[in-house]
Amino acid sequence: ILIMKTINLAVTLIIFALTINTYSQFFSGFGLKGGATLSNQNYEYKRFDYKPETKYLLGFNGSLFAEFLNNRNINIVLESGFEQRGYTWVSKPYDEFGNPLPDMDIYERTNYFTTGMLLKVKISSKKVTPFLLIGPKLDILLSYSVKPEDENTTLGGFEFPLDEFKKINYSLNLGAGLEFNKLFPFKTFIEINYSPPVNSSYNGPGLIVKEHYFNVKAGINFVKEKPRMKKR
């Protein structure tokens, strides 16, 4: 219930902000983003040196964004949406006699509502505009899943329940992309984001877990660029 109220409040605030700023000279963009998320996790054991074998897991993302500051080189981007993260770890099971069984991949997925603010630095041109992104994000854990479902989430002798992940967390977003100004009636773009393992998602008695992931996104900006007045 708390998560749903938080999501509803965030959506309401975004819509309210967009309504106020639609006709403002500071409002320069509004649109949609979506694409693929490739994620993994880092494990830091507190009492001994052990690193479980993990693999990247493919998910998806989608979000709404608004851009402010109608400036040739700098924009502020507010973005809220959904990200499907997670990881795959390799289980090495044994039978009742202690004989090793074939390795098994365990898929653990986490679903987040994310919202954040990005500084967008760009080199404007008529056709293609390259840009860089940096900024903080707030992450709210919505749900999680484990497949196969009957597997225990145990790593290196430590119980690792996903329900003990932090429900509210933060991350850092770094990115770069290209904006296409003349390819379609509206501006379109592609961008790649990386979130480094800055903050822990899980901090147990013997283990710290930090997520890191890549986002590859394509998007569209529904606000057309205003013509600039020529100086006489």
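Note: the structure precedes this text.
Here is a short report on the structure shown in this document.

Let us look at the side chain of Asn169. Along the chain, Asn169 turns up in strand S9 (residues 168-180). A polar side-chain atom of Asn169 sits 3.0 Å from the main-chain carbonyl oxygen of Ser200.

Here the structure, examined in full by the defined rule, presents six aromatic pairs. Measuring from centroid to centroid gives 5.6 Å for Phe65 and Phe189, while their planes differ by 80 degrees, and the two rings are edge-to-face. Of the two residues, Phe65 is situated in strand S3 (residues 57-68) and Phe189 in strand S10 (residues 187-195); the sequence distance between them amounts to 124 residues. Side by side, Phe65 and Phe189 carry an identical accessibility label, which is buried. The ring of Phe131 carries the charged tip of Lys120 above its face, separated from the ring centre by 4.6 Å.

Bringing the pattern of salt bridges into the picture now. In this structure the tally under the stated criterion is 12 salt bridges. Notably, a salt bridge pairs Glu44 with Lys210, separated by 3.7 Å at the nearest N-O pair. Remark: Lys210 occurs in strand S12 (residues 207-221) and Glu44 occurs in strand S1 (residues 27-45); sequence separation between them is 166 residues. Overlapping salt bridges bring together Glu83, Arg85, Lys137, Asp139 and Glu211 as one network.

Looking now at the environment of Ile208. Within the secondary structure, Ile208 is located in strand S12. Residue classification places Ile208 among the buried residues on the basis of a relative accessible area of 18%. Residues Ile208 and Glu44, spaced 164 residues apart in sequence, show a C-alpha to C-alpha distance of 5.1 Å. Contacts of Ile208, omitting those with residues within four sequence positions, involve Asn42, Tyr43, Glu44, Lys46, Ser200, Tyr202 and Asn203.

Our focus in this paragraph is the nonpolar core. One finds Tyr43, Phe165, Tyr202, Leu207 and Val209 to be the most contacted residues of the largest nonpolar core, which totals 13 residues. Of all the secondary structure elements, the ones that give two or more residues to this core are S1, strand S4 (74-91), strand S5 (104-122), strand S6 (128-147) and S12.

Thresholds, definitions, all that
- Residues numbered from 1 in each chain as written.
- Predicted model: local features only at pLDDT ≥ 70, side-chain atom pairs only at ≥ 80, totals over all residues.
- Heavy atoms only, no water.
- Helix = DSSP H or I, 4+ residues; strand = E, 2+ residues; numbered from the N terminus.
- Polar contact = N/O pair within 3.5 Å; in protein donor to acceptor, adjacent residues only side chain to side chain.
- Phe/Tyr/Trp six-rings, centres within 6.5 Å; stacked < 30°, edge-to-face > 60°.
- Buried < 20%, exposed > 50% of the residue type's maximum accessible area, 1.4 Å probe, protein only.
- Lys NZ or Arg CZ within 6 Å of the ring centre and 35° of its normal.
- Salt bridge = Lys/Arg side-chain N within 4 Å of Asp/Glu carboxyl O.
- Contact = heavy atoms within 4.5 Å.
- Core = buried A, V, L, I, M, F, W, Y, C linked by side-chain atoms within 4.5 Å.

These results come straight from atomic positions and should not be treated as a statement about function.
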